[in-house]
Amino acid sequence: MVNSKLFRNFALEKERNGMYDVKKVREDFPILTREVYGRPLVYLDNGATTQKPRQVVEAMVDEYYNVNANVHRGVHFLSQQATDLHEASRETVRGFLNAQSTSEILFTRGTTESINLLAFSFGEAMVKEGDEVVVSTMEHHSNLVPWQMMCERKGAHLRVIPMTDEGVLRMDALEELLTERTRIVCVTQMSNVLGTVNPVKDIIRMAHEREIPVLVDGAQSVPHMRVDVQDLDCDFFAFSGHKVYGPTGVGVLYGKEEWLDRLPPYQGGGEMIQTVSFEKTTYNGLPYKFEAGTPDYVATHGLAKALDYVRGLGMEQIEAHEQELMRYALERLEGIEGMRIFGLPLTSCSSPLAPNRGAVISFLVGNIHHLDMGTLLDRLGIAVRTGHHCAEPLMRRLGIEGTVRASFALYNTKEEVDVLVEGIERVRRMF
Ligand code: PLP
């Protein structure tokens, strides 16, 4: 009863929002017509990387064929045109995140590099022996190991926000973890394993009451929901291009200007300098102070096209589509004998308009090893991820070695959920 009411509410909301046509959208992604092992590909590994629409690939090919030249350095026509595209992409990212200024948008190679940059620079300027860094139980290694490395260098300590068995962060425990020794809180907006959408706005408010800055890892949230860094009031925000339908090798670190101004550069080299002599180097202004060397200016252009693409469909529409898929998948998966789903069950999911679970589902079935399940599903044309998902401490908390993970994107369909469910049933019967 509860579920069918949820679906009805969703259908109404869909109508109001003017949903996109998924069949038509799929035509923008040539790879989705591929067959693997003679079966139509069902691509459910979007948490690892998303497929790319023609609009992104064609813009990059066009830039290589017709514009290519190094940026920021040349007086010649092509260099200026390439620079214009690169800087226009920065403006697109600014608009996408609703940052105040393009000075706050740093291009990196991805979330991992963004967080390493911040952990190094922030650590150098702000962290001393005995200080503390707060992370959560459900962090990806990328938002854990760089902070651990920095803590080791500085003699600081990691503190960890615990979570409930359903994968919800314990806000009462966070209250106690925030002390005068805390220098920064680093937390993911959406778990790549559990799909939990964390209340980052509340976390930021709590931290700010104690004048503690917050980094939000947006690698998994940016593809699925509208992000407004001014509304969140986060101090730093990181994401990867390839997880939001853009190219590999490009990502973003957003930082409030007042913070970035206070932090030292991460890498030295061309572009990040103002003047260099053998005695002393002075640094460039923002954002270039943090962008040593030739950037991947073709990828930044591709990223901008990807962000234009998702904005063209509408982030609310994408979210509504994926929420409906996720609810449908949870309902069907929960019906499978021996099924164990990690994260919030369907009955605990809040209103479709304020989701606290994104379109990522981790599961195990009976005693079937996650690797066996993944390998056999692959033979049926279904691409899922298996293993610890770069979240070993979370696996330890759950008391398991790994899971099978199906992660959904704007182009997935209920028919694909059905293929997944039939595939799992088939594997289950084999064991
Ligand atoms: N953070 C989260 C939550 C992730 O899911 C991932 C990748 O799966 C990363 C960080 C790292 O992203 P990348 O490998 O693109 O740097």
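Scoring rules and cut-offs
- Residues numbered from 1 in each chain as written.
- Predicted model: local features only at pLDDT ≥ 70, side-chain atom pairs only at ≥ 80, totals over all residues.
- Heavy atoms only, no water.
- Near = heavy atom within 4 Å.
- Polar contact = N/O pair within 3.5 Å; in protein donor to acceptor, adjacent residues only side chain to side chain.
- 1 Å grid on protein atoms, 1.4 Å probe; cavity = no way out; pocket = protein on both sides within 12 Å on 5 of 7 lines; lining within 4 Å.
- Sits in = over half its atoms within 2 Å of the grid points.
- Nonpolar A, V, L, I, M, F, W, Y, C, P; charged D, E, K, R; others polar.
- Core = buried A, V, L, I, M, F, W, Y, C linked by side-chain atoms within 4.5 Å.
- Buried < 20%, exposed > 50% of the residue type's maximum accessible area, 1.4 Å probe, protein only.
- Helix = DSSP H or I, 4+ residues; strand = E, 2+ residues; numbered from the N terminus.
- Phe/Tyr/Trp six-rings, centres within 6.5 Å; stacked < 30°, edge-to-face > 60°.
- Lys NZ or Arg CZ within 6 Å of the ring centre and 35° of its normal.
- Axes fitted to C-alpha atoms, helices over the stretch in contact; angles between N-to-C directions.
- Parallel < 35°, antiparallel > 145°, perpendicular 65-115°, else oblique.
- Left-handed = near helix turned anticlockwise from the far one by under 90°.
- Contact = heavy atoms within 4.5 Å.
- Pairing = 2+ DSSP bridges.
- Points joined across faces, edges and corners; volume = space filled by probe spheres on them.

K.L.:
Before we go on, may I ask you to explain the site of the ligand in this structure?
P.N.:
The environment of the ligand is formed by T111, T112, H140, S142, T188, N192, D217, A219, Q220, S240, H242 and K243. S240 places a side-chain nitrogen or oxygen 2.7 Å from an oxygen atom of the ligand. Applying the majority rule of atoms within 2 Å of the grid points places the ligand in the second largest pocket. Residue composition of the shell around the ligand, by class: one nonpolar, nine polar and two charged.

K.L.:
Please clarify how the nonpolar core should be interpreted in this entry.
P.N.:
One finds V93, L97, F237, F239, Y245, L303 and L410 to be the most contacted residues of the largest nonpolar core, which totals 76 residues. Element by element, the count of residues in this core is highest for helix α11 (residues 297–313), at nine residues. Ranked by size, the runner-up nonpolar core spans 31 residues in total, among them L333, L377, I382 and V384.

K.L.:
Help me understand unusual backbone geometry, please; the structure alone is not making it clear to me.
P.N.:
Peptide bonds are trans in most cases, and residues, glycine excluded, mostly fall at negative phi. Cis peptide bonds are those with omega within 30 degrees of zero, and the linkage from L286 to P287 qualifies with 0°. Among the secondary structure elements, P287 is positioned in the loop between β12 (281–283) and α11. Residue H72 is not a glycine yet carries a positive backbone phi of 70°.

K.L.:
Looking at this model, I keep getting lost on the packing of aromatic side chains. Mind explaining?
P.N.:
What characterises a pair of aromatic rings is the spacing of the ring centres plus the angle enclosed by the ring planes. Applying the stated criterion across every chain, the model contains eight aromatic pairs. Within the aromatic cluster, the residues linked to one another by ring pairs are F29, Y245, Y309 and Y411. Lying across the ring of Y328, K414 places its NZ or CZ 5.2 Å from the centre.

K.L.:
I'm lost on the packing of helix α13 (residues 370–379) against helix α15 (residues 414–430) in this one. Help?
P.N.:
A pair of packed helices is captured by two measures, namely the crossing angle of their axes and the spacing between those axes. Put simply, α13 and α15 touch, their axes get as near as 10 Å, and they point 120° apart. One element, α13, and the other, α15, form an angle in the oblique class. Crossing angle aside, the handedness with which α13 passes α15 is right-handed. Contacts from M373, L376 and L377 of α13 reach α15 at L420, G423, I424, V427 and M430. Across the contact of α13 with α15, the residue classes break down as seven nonpolar, one polar and no charged.

K.L.:
Which parts of the structure should I look at to understand the pairing of strand β9 (residues 236–240)?
P.N.:
As a general feature of sheets, a regular strand has side chains that alternate between the two faces. With five of its five residues buried, β9 lies for the most part within the structure. Residues of β9 alternate between two faces, with F236, A238 and S240 on one and F237 and F239 on the opposite face, all of them buried. Where strand β8 (residues 214–217) lies against β9, three bridges are found, and the strand directions are parallel. Counted as the bridge partner of L215 is F236 from β9. Bridge analysis of β9 against strand β10 (residues 251–255) gives five bridges, and the strand direction is antiparallel. Of the residues in β10, the one forming a bridge with F239 is V252.

K.L.:
What exactly am I supposed to notice about the packing of helix α5 (residues 111–126) against helix α6 (residues 145–154) here?
P.N.:
Where α5 meets α6, the closest approach of the two axes is 9 Å, and the angle between their N-to-C directions is 20°. Taken together, the axes of α5 and α6 lie roughly parallel to each other. For the pair α5 and α6, the crossing hand works out as right-handed. Residues I115, N116, L118, A119, F120, G123 and E124 of α5 touch α6, and the partners they reach there are P146, W147, M150, R153 and K154. For the contact of α5 with α6, the class distribution of residues is seven nonpolar, two polar and three charged.

K.L.:
Would you mind showing me how to read empty space enclosed by the protein here?
P.N.:
Applying the stated rule across the entire model yields two cavities of 30 Å³ or more. By volume, the largest cavity is sized at about 60 Å³. Looking at the largest cavity, the residues that line it are V197, H224, M225, E319, E322, Q323, P355, R357, G358 and A359. Considered class by class, the residues forming the lining of the largest cavity number four nonpolar, three polar and three charged. One number sums up the size of the second largest cavity: a volume of about 40 Å³. Lining the second largest cavity are N46, G47, T50, Q220, P223, H224, K243, Y245, F408 and A409.

K.L.:
Just to check I follow, could you spell out the side chain of Q323 for this structure?
P.N.:
Note that Q323 resides in helix α12 (residues 315–334). By relative accessible area, Q323 is classed as buried at 4%. At a separation of 2.5 Å, a polar atom in the side chain of Q323 contacts the side chain of R327.

K.L.:
Can you walk me through the layout of surface pockets in this structure?
P.N.:
Empty space among the atoms becomes apparent when a probe as large as a water molecule is rolled across them. Estimates place the volume of the second largest pocket at around 390 Å³. Around the second largest pocket, the lining is made up of 27 residues, and of these H140, S142, Q220, K243 and C390 lie nearest the centre. Counting residues per element, the lining of the second largest pocket draws most heavily on α5, at three residues. For the lining of the second largest pocket, the residue count by class is five nonpolar, 15 polar and seven charged.

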